[in-house]
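Geometric and topological summary
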Amino acid sequence: MKEQKFNQGWYFWKEGHEAGKKQINLPHDAMLEEERVPDLENGNATGFYPGGKYIYVKPMYGEKAYEGKSVIVEFEGIYMNSTVLMNGEVIGGWIYGYTNFYVDLTEHLRIGEENELKVIVDNSMTPNSRWYSGSGIYRDVHLYVGDREHIVPEGIRITTLSTDPAVIRVETETTADAGAEIICEVFRDGDKIAEGRTADTQITIPKAELWDAENPNLYTLIVRLMKQNAVIDESEMCFGIRSLAWDAGKGFQVNGKTVKLKGGCIHHDNGPLGACSVYKAEYRRVKKLKELGYNAIRYSHNPAGRLFLEICDEVGMYVVDESFDQWKLPQTTYDYSRYFDSEWEKDVSALVKKDYSHPSVIMYCVGNEITDTGLPHGALICKKITETIKSLDASRPTMIANNVLLSVMAKKMAEQKAASVSDRDKKTTEGTAVKDNDAKEKTVGSQDANNVLTLLPRIMASITAENQEALLKDVFSHVDIVGYNYGELWYEKTHEMVPERVMVSSETFPCKIGSNWKRVENSPYLIGDFMWTAWDYLGEAGVGLPVYGTTQAPFSKDYPCLTAGCGSVDLTGYIESQGYYTSIVFGAYKKPYIAVRPVDHAGEAYTVGKWRLTDAVNSWSWPGQDGKIADIDVYSIGAEVELLQDGISLGRKPLEEYRAFYQAEYRPGKLEAVSYDAAGNEVGREALISAGKSEKMTVLPEEGFLKADGEDLAYINILLTDEREIVKMLKDRKISVTVEGAGFLRALASGNPETTEKFSDSSYTSYHGRLLAIVQNNGEKGIIKVTASAEGVETQTVELIAY
C-alpha cells in the first residue's frame, strides 16, 4: 500500500473549550500546553502537569482515487484511552498509550464528500503514570491507500536463519486470494542482489555484511504483490542480517561474538518537545548516546515507537523494548493495571509485530518493577506473557526487570493483610464490631509510600540471595534473562546457586557504574549494565536534584521542580559530569575529565539523590569565591592521574573505579589533569581555564541546514561566555529569541530542573550559562534568521538554510 504521513492540517481543542480550537500539525503533546498545578495529586510524577480530555479532528475529502481502494490509518501512539470516529461513527481506538494501532476507513469513507476523522483522547483519570506521559497524538500518523488485495501493514516478517551463509526468511501476509504471486527482491546500495518468490520464502544473500551496533549494515527489501503479471501492491522496508544467542557461559552473542551491553535507560519524552516523537529529536538523542559509548538503550518502561526503532537500526544501537510498568497491581491510582486483564495480550502482540523486523531490537522486557512478582499469581502472568511473545517471535530473548524490594514488600503487605483479615474475622466471631475502613480491600503497589517507609528496615534486613531466589524463582524460570534493578549485591551468590542463569543489570545507580562494570566485564553470565538514567526527563521531579543546607531530602521534590535532574545528559542535550564518567567507564572517552563541585556551595551540607552521581561541573570559573576550598573529582582511564593548579602539581593519585579526589583553594587560573597507564606513560590530558571578565553571548547551531519539510528541527546552543568562549556558569540571564523567515521557534529550554518558565515562551533564563533554542522549519525553503538578545550583552544573530 502507498504510505504517507498524515500529520498535517489537524484541528485540536480541549473538551469543553471548542472556542479555543486551533489548527495544528502532529505529533502533538496536549499535556505540555496545560498549566502546571503545584498541588496536583502525585504531581511530582508528571512534573506537575495535569491530564485532560482532548479532541483532534482531521478534515478528509473522499477523493475519487479512494474509490474501490482500501484506506487505513495508523496511529503510532496516542496517550491514552483513544476513541476514533469517522463521520460520527466509532470505528476504532486503543487504551494503552504506547501501542501503535490501525483503523480501517474503507467502509466509512464517503467518496466525493467531506469527511471528518475525529480522535477523542481521554487522559483525564490521573495519576496514571510514574513519569511524564504526555497527552494526545504524540507520535506520527500514517495513511495507507491501496488495492483491496494488498500487503497488510506490518505484514512482512524478516528472520535471519543463518549468517554464514547469510539466509533470511521472508513471510508476507496479504489480503489477496490464491491466484496472487509474491516477488521479494533484496537491494544493497540500489543494486538488486537476491530474489525470492512465494509468501514464505528463503533468500540467500551473497557476500553479506552483517548488522550489529558497530556496523549497522542495512539492506532494502521490496515485496511486490502480483496478479496476472501486474503489480497490484508493493511494500519497501530496511532490514539487517544478524543472529542472537545467549547463555551463562558465553554471555550475549550477536553474530557469534560476545557483546557486553553498555546500556542506558531512557523515558520517551523529548524534553522541551514534551512527549512528541520527532525524527531530529530522536536521532540526536540516539547519536549523542552512541558517541558517549552506549551501545544499548532500555526503553523504559513502555514500548518504543516505530520511528525510534528505525533510527536505532540506522545508527546502530541495541534496544531492549519494554512492555509494561505494572501488571494487575497498580503503581498509581488509575494506571494500566485497571485494564491489564483485558488488554495485555493485544498490546504484547502489537509490540512483537512492530519490533519483529528491526535488527536493533535484541530483547523483550515483560515488565519493570512488577509488584505482582512477590505474589503467587505473578509467575503465572509472567509465563503467559512470555509464551505469547515466544509464539510470535522465538528469535529474541525475554527479560524481566525486577526490583526485589517491591517483590518482598508485596509479599509482606499481603501477609499483613491476611493477618488483618484473620484478626477481623476473629473479632467478628467474638461479637466485636469491625469498622468499614478496616474491611476495605487494599491494593499493593509502589505508590504506598508510607508502607514502604514503615516496612523498609525489616524488608532490607530480610533480603538475601537465598530468600530472594525462594520467592522469585518461579517468575524467573519463565524468562530467558533475569534483569536486576539495583541488585549488584546478589549477582555472585545467585550465580553460585543458579549457574545457568543469564543476568543483566537492568538498572544501576550512577555511583555504582564503575564497580558494577568491572563485574560485567569479568562475569560471562552478566551480559550488561543499564544505568539510570542516560538522559534527563520530565517528571519524577527532582530524584537527582542537589539539595544544599541539609544531608536529607525526599525521593522527589515539590513544585516548581520539573525534571528528574538525574541524566548523564541533561534535558537540553548537554553532557553532564555523570555522562563523561560513564563514557570513561565504557572506554569511549579517552582523556581525563575534571569535575568541580560548585565552589559557591563549598563547605555547605548537601545531598544528591542516589540517581545522580554528583553535582560537580566541568568549570573553573567561580567569580567571588576566591579562597574557598574546592572539591575536585578527576575521572579517567589509566592507572594514575596527576592534577596541576597553575602548573604546580597537587599530587599523583591512583585511579579507583576511574576516579581520584582532590581539594584545592580556588583562585582563577588553570587546572590541568594528566592520566598515566600502569607503566607511567601519559595517556591523556585535559585542562580547565577560568573565564575572563568580558561577557558575550555565543550562539552555536548544531547544524546549519534543515529540510524544508515542515518538520525538521535545528538545535541551537546559546552560551554566556568570555571572549574566548569559555562559559561563565554564574552569569545567568533571561534570553529572548526571535525567528524570521522559513522557520519558527519551537521551544526554549535550559537544564535547570527547577523552573516555572514555559518551553513555549519566547524568552527563558539560562542555567549554568547555557540555553537551548529549538527552531522548526515551516515548510518553506530559504533563510531562517535566529536572533538572541539579553540585557548587558550584545545581540547575536545566526542564519540557517532550509532546503
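Before going into details, it helps to say that this report is about the structure given with it. (Residues numbered from 1 in each chain as written. Predicted model: local features only at pLDDT ≥ 70, side-chain atom pairs only at ≥ 80, totals over all residues. Heavy atoms only, no water.)

1. Digging into the environment of G274
Heads up, the condition is: Segments assigned H or I by DSSP are reported as helices when at least four residues long, segments assigned E as strands when at least two residues long, and all are numbered from the N terminus. Buried residues are those whose accessible area, probed at 1.4 Å on protein chains only, stays under 20% of the maximum for their type, while exposed residues exceed 50% and partly exposed ones sit between those limits. Any pair of residues with heavy atoms lying within 4.5 Å of one another is described as a contacting pair.
Within the element layout of this structure, G274 appears in the loop between β23 (261-266) and α1 (279-291). The exposure class assigned to G274 is buried, which follows from its relative accessible area of 0%. For the pair G274 and P510, spaced 236 residues apart in the sequence, the C-alpha separation amounts to 25 Å. When near neighbours in sequence (up to four residues on either side) are disregarded, G274 contacts D29, L32, Y132, D269 and L538.

2. Focus on the pattern of salt bridges
Basically, it comes down to this: We define a salt bridge as a contact between a side-chain nitrogen of Lys or Arg and a carboxyl oxygen of Asp or Glu at a distance within 4 Å.
Applying the stated criterion across every chain, the model contains 59 salt bridges. The shortest N-O distance in the salt bridge between R169 and D200 comes to 2.7 Å. Separated by 31 residues along the polypeptide, R169 in strand β14 (residues 166-174) and D200 in strand β17 (residues 200-205) bring together distant segments of the chain. Take R169: its relative accessible area is 29%, and that puts it in the partly exposed class. A relative accessible area of 42% places D200 in the partly exposed class. A salt bridge links E310 to R306; the nearest nitrogen and oxygen atoms lie 3.5 Å apart. In this pair, E310 and R306 both sit in helix α2 (residues 306-315), four residues apart, roughly one turn of the helix. Looking at R306, the relative accessible area reads 13%, which means it is buried. One network of salt bridges, in which partners are shared, links E181, E185, K192, E195, R197, R224 and E234.

3. Section: the packing of aromatic side chains
Filter applied, for reference: Only Phe, Tyr and Trp rings take part, Trp by its six-membered ring, and two of them pair if their centres are within 6.5 Å. Stacked means planes under 30 degrees apart, edge-to-face means over 60, and tilted covers everything else. Two limits define a charge over a ring: the Lys NZ or Arg CZ must be within 6 Å of the ring centre, and within 35 degrees of the ring normal.
Under the defined criterion, the tally for this structure stands at 36 aromatic pairs. With centroids separated by 5.6 Å and ring planes inclined at 20°, the aromatic side chains of W94 and F101 adopt a geometry described as stacked. For W94, a relative accessible area of 15% puts it in the buried group. Through successive ring pairs, a cluster of aromatic residues spans Y79, Y96, Y98, F324, Y336, F340 and W344. The ring centre of W94 lies 4.4 Å from the NZ or CZ of K346, which sits over that ring. Directly above the ring of Y676 sits R652, whose terminal nitrogen or CZ lies 3.7 Å from the centroid.

4. Focus on the side chain of D212
Here is the rule: Polar contact criterion, stated in full: a pair of N or O atoms within 3.5 Å, where within protein one must be able to donate a hydrogen and the other to accept it, and residues adjacent in sequence count only if both atoms are side-chain atoms.
Counting through the fold element by element, D212 comes out in the loop between β17 and β18 (219-227). Polar contacts involving the side chain of D212 include one to the main-chain amide nitrogen of N215, which spans 2.6 Å. If near-sequence neighbours (up to four positions away) are discounted, D212 is found in contact with V254, N255, G316 and Y318.

5. What about empty space enclosed by the protein?
To keep it simple, the criterion reads: Definitions used for this entry: grid spacing 1 Å over protein atoms alone; cavity, a set of points where a 1.4 Å probe fits but cannot get out; pocket, an open set with protein on both sides within 12 Å along at least 5 of 7 lines; lining residue, one with an atom within 4 Å of a point. Grid points are joined across faces, edges and corners, and a volume is the space filled by probe spheres set on the points. Three residue categories are used. Nonpolar comprises Ala, Val, Leu, Ile, Met, Phe, Trp, Tyr, Cys and Pro, charged comprises Asp, Glu, Lys and Arg, and polar comprises the others, including Gly.
Applying the stated rule across the entire model yields two cavities of 30 Å³ or more. Of the voids in this model, the largest cavity is the one considered here, and its volume is about 150 Å³. Lining the largest cavity we find 17 residues, and of these Y79, Y98, N128, Q326 and Y336 sit closest to its centre. For the lining of the largest cavity, a count of residues per class yields six nonpolar, eight polar and three charged. By volume, the second largest cavity amounts to about 110 Å³. N270, R284, W535, L571 and Y715 are the residues nearest the centre of the second largest cavity, which is lined by 13 residues in total. Contributing elements (two or more residues each) for the lining of the second largest cavity: α1 and β46 (770-777). Ranked by residues supplied to the lining of the second largest cavity, first place goes to α1 with three residues.

6. Notes on the sheet that holds strand β35 (residues 640-645)
The condition that has to hold: Two strands qualify as a pair provided that DSSP identifies no fewer than 2 bridges between them. Helix axes use the C-alpha atoms of the stretch in contact, all axes being lines fitted to C-alpha atoms, and the angles between their N-to-C directions lie in the range 0 to 180 degrees.
Spatially, the four strands line up as an open sheet ordered β36-β35-β38-β39, and their pairing is antiparallel. Every other strand in the sheet has two partners, leaving β36 (648-654) and β39 (682-689) as the edge strands with one partner each. For this sheet the average axis-to-axis angle between neighbouring strands, irrespective of direction, equals 15°. Across seven bridges, the pairing between strand β38 (residues 670-676) and β39 is antiparallel. Looking at β39, one finds that E672 is bridged to A687.

7. Focus on α1
Here is the rule we go by: Take the residue count of a helix, subtract one, and multiply by 1.5 Å to get its expected span.
Its 13 residues give α1 an end-to-end C-alpha distance of 18 Å, which sits within 8% of 18 Å, the value for a rise of 1.5 Å per residue. Residues K280, A281, E282, R284, R285, V286, K288 and L289 constitute the buried set of α1. Those residues of α1 hidden inside the fold are in contact with β23, β24 (296-299), α2, β42 (713-721) and β46. Of the residues flanking the end of α1, it is G293, one or two places downstream, whose phi is positive at about 110°.

8. What about the sheet that holds strand β22 (residues 257-258)?
If you trace the three strands from one edge of the open sheet to the other, you get β20-β21-β22, paired in antiparallel fashion. The sheet is open, and its two edges are formed by β20 (244-247) and β22, each paired on a single side. Bridge count between strand β21 (residues 251-254) and β22: two bridges; the pairing is antiparallel. Paired with Q253 across the strands is T258, a residue of β22.

9. Some details on the pairing of strand β7 (residues 82-86)
The buried fraction of β7 is high, at four of five residues. Here β7 folds back onto strand β8 (residues 89-94), and the loop between the two strands holds two residues, one of which, N87, carries a positive phi near 55°. By the bridge criterion, five bridges tie β7 to strand β10 (residues 114-123) in an arrangement that is antiparallel. Paired with L85 across the bridge in β10 is K118.

10. Things to note about a nonpolar patch on the surface
Put simply, the rule is: A patch is a set of surface residues, each over 30% in relative accessible area and not in a salt bridge, joined within 9 Å for like charges and within 5 Å for the nonpolar side chains Val, Leu, Ile, Met, Phe, Trp and Tyr. In short, Shrake-Rupley with a 1.4 Å probe defines the accessible areas, and a residue's cover is counted only from the protein chains shown.
Where nonpolar side chains cluster on the molecular surface, the patch consists of F705, I783, I801 and Y803 and spans about 400 Å² of accessible area. Relative to the helices and strands, I801 is located in strand β48 (residues 793-802). Since its relative accessible area comes to 34%, I801 is described here as partly exposed.

11. Quick notes on the environment of G684
Structurally, G684 can be placed in strand β39. Measuring from C-alpha to C-alpha, the distance between G684 and W611 comes to 29 Å, with 73 residues separating the pair along the chain. Among all residues touching G684, those that are not within four sequence positions of it are P592, A673, V674 and S675.

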